[in-house]
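Letter by letter, the chains look like this.
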Amino acid sequence: MNGICTLGNDYVFDQLVALLNSIDVILGSETPVCIYPFDDQTQRITDEIAKRPNVFLYDDLESINRWDQFMLAAAPERLNRSKFRLYGAHRRFCAFDGPFDKFIYLDADTLVMNSLATVFEKLDSYDFVVYDFQFKDVSKIYNVNSPKLLEVFQQERIDSEIFCSGFYGAKRGIFNLEQRDLLISYLKNGEAELLYEGAGEQPLINYMVMRSNLSIYNFARQLPDNKKTGCSATSKHFEERENLLYDKGNRLTYIHYIGIPPNINQAVCAGENIEFPYRDLFLYYRYLHEPEKRPVFQNPPKRYGDAPVPNLLTRALRKLKLINQG
């Protein structure tokens, strides 16, 4: 069985609902979707997906613990943790032993814009399939100042194989116990210095794929220039038609709201008039099944980056019209 995967908790609830609704529209409401829990704050998600028979929250605690332990051994500095528990973005890796034979992972802050059939088809020939332009900035994946980098990976591979971890297609079982142990041994023997210090799990999964010599296909490199599209909301030139985005006439595969933190989406959904790229598109999908709840903005617009985001109490009071909306 094939399916879609994402990662989330209640903090990204608004983004997650928009993503699920875009899957309903573009891929069909029967498309299986597995949500990997970032942490145990998932009550709103649980309530929401009770209405969606195709969507389920991953609850294989053995698998979750397996990848928690992998991160503790391989890259403990990249873990999110409190005194009592681990949590974090690495739990997307559970998809590698999850329910789907072939899967496409999308971050919660993405929207599907087109069929993903060609991605699944490429997984018949490749281990990993991506569609992004991260290869243009190696420095956000690897430590380009490490003398070991070119000892481990040829420059040609570095220039062509890196990817953004917000969207990829892959297969169950490509990181079995033997391979995970091998990767841990490489990292502990000095190769951890190859990884860019920031960006959480993204440098690590790039390393895991490349160090395991998995075959990778990137549509952004392989498609002819007149067919390829962008995917990031930082690109301002996309044209919106009938709640879909186009790049010079070509329909996007997905849009990734890179750089828009969840608290901005929360504030907008609570009635704060904060502008960000392709905001109306986000709101369309967020309120697809409940358009009557879509916020009607009363206060003047503020551009994202210029607007202080009010605290939860302020937003709640404004929603209840208990304080001035101005």
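Keep in mind that what you see is a predicted model, and the values were worked out from it rather than measured.

### With respect to the environment of Met-71
Thought 1: With respect to the helices and strands, Met-71 occurs in helix H3 (residues 61–74).
Thought 2: In sequence terms Met-71 and Glu-201 are 130 residues apart; their C-alpha atoms lie 9.4 Å from each other.

### A few points about the confidence of the model for the protein chain
Thought 1: Residues with a pLDDT of 70 or more make up 90% of the protein chain, whose mean pLDDT is 90.
Thought 2: In the model, residues 309–326 has pLDDT below 50 throughout and makes 25 contacts with residues more than four positions away in sequence or in other chains.

### Remarks on the pairing of strand S9 (residues 167–171)
Thought 1: Most of S9 is tucked away, with 5 of its 5 residues classed as buried.
Thought 2: Side chains of S9 alternate between two faces, with Phe-167, Gly-169 and Lys-171 and Tyr-168 and Ala-170 buried alike.
Thought 3: Inspection of the sheet shows strand S6 (residues 102–106) paired to S9 by 5 bridges, in the antiparallel sense. Of the residues in S9, the one forming a bridge with Phe-103 is Ala-170.

### As for helix H11 (residues 279–286)
Thought 1: Counting buried positions along H11 gives 6 out of 8 residues, so the element sits mostly inside the fold.
Thought 2: For H11, every residue scored as buried is listed here: Arg-279, Leu-281, Phe-282, Leu-283, Tyr-285 and Arg-286.

### Concerning the sheet that holds strand S13 (residues 250–251)
Thought 1: Judged by pairing direction, the sheet is antiparallel, and its 3 strands sit side by side in the order S11-S12-S13 without closing on themselves. Each edge of the sheet is formed by a strand with only one pairing partner; in this case those strands are strand S11 (239–241) and S13.
Thought 2: Looking at chain direction, strand S12 (residues 244–247) and S13 are connected through 2 bridges and run antiparallel. By the bridge assignment, Tyr-246 is partnered in S13 with Arg-251.

### Quick notes on the environment of Thr-253
Thought 1: Mapped onto the elements, Thr-253 comes out in the loop between S13 and strand S14 (254–256).
Thought 2: Under the relative-accessibility criterion, Thr-253 is labelled buried at 12%.
Thought 3: Between the C-alpha atom of Thr-253 and that of Val-119, which follows or precedes it by 134 residues, the distance is 9.8 Å.
Thought 4: Residues within four places of Thr-253 in sequence aside, it is in contact with Val-112, Met-113, Asn-114, Leu-116, Tyr-131, Phe-167 and Thr-229.

### So, unusual backbone geometry
Thought 1: Of note in the backbone geometry, Asn-243 takes a positive phi value of approximately 65° without being a glycine.
Thought 2: What makes Asn-243 partly exposed here is its relative accessible area of 23%.

Cut-offs and rules
- Residues numbered from 1 in each chain as written.
- Predicted model: local features only at pLDDT ≥ 70, side-chain atom pairs only at ≥ 80, totals over all residues.
- Heavy atoms only, no water.
- Helix = DSSP H or I, 4+ residues; strand = E, 2+ residues; numbered from the N terminus.
- pLDDT = per-residue confidence, 0-100.
- Contact = heavy atoms within 4.5 Å.
- Buried < 20%, exposed > 50% of the residue type's maximum accessible area, 1.4 Å probe, protein only.
- Pairing = 2+ DSSP bridges.

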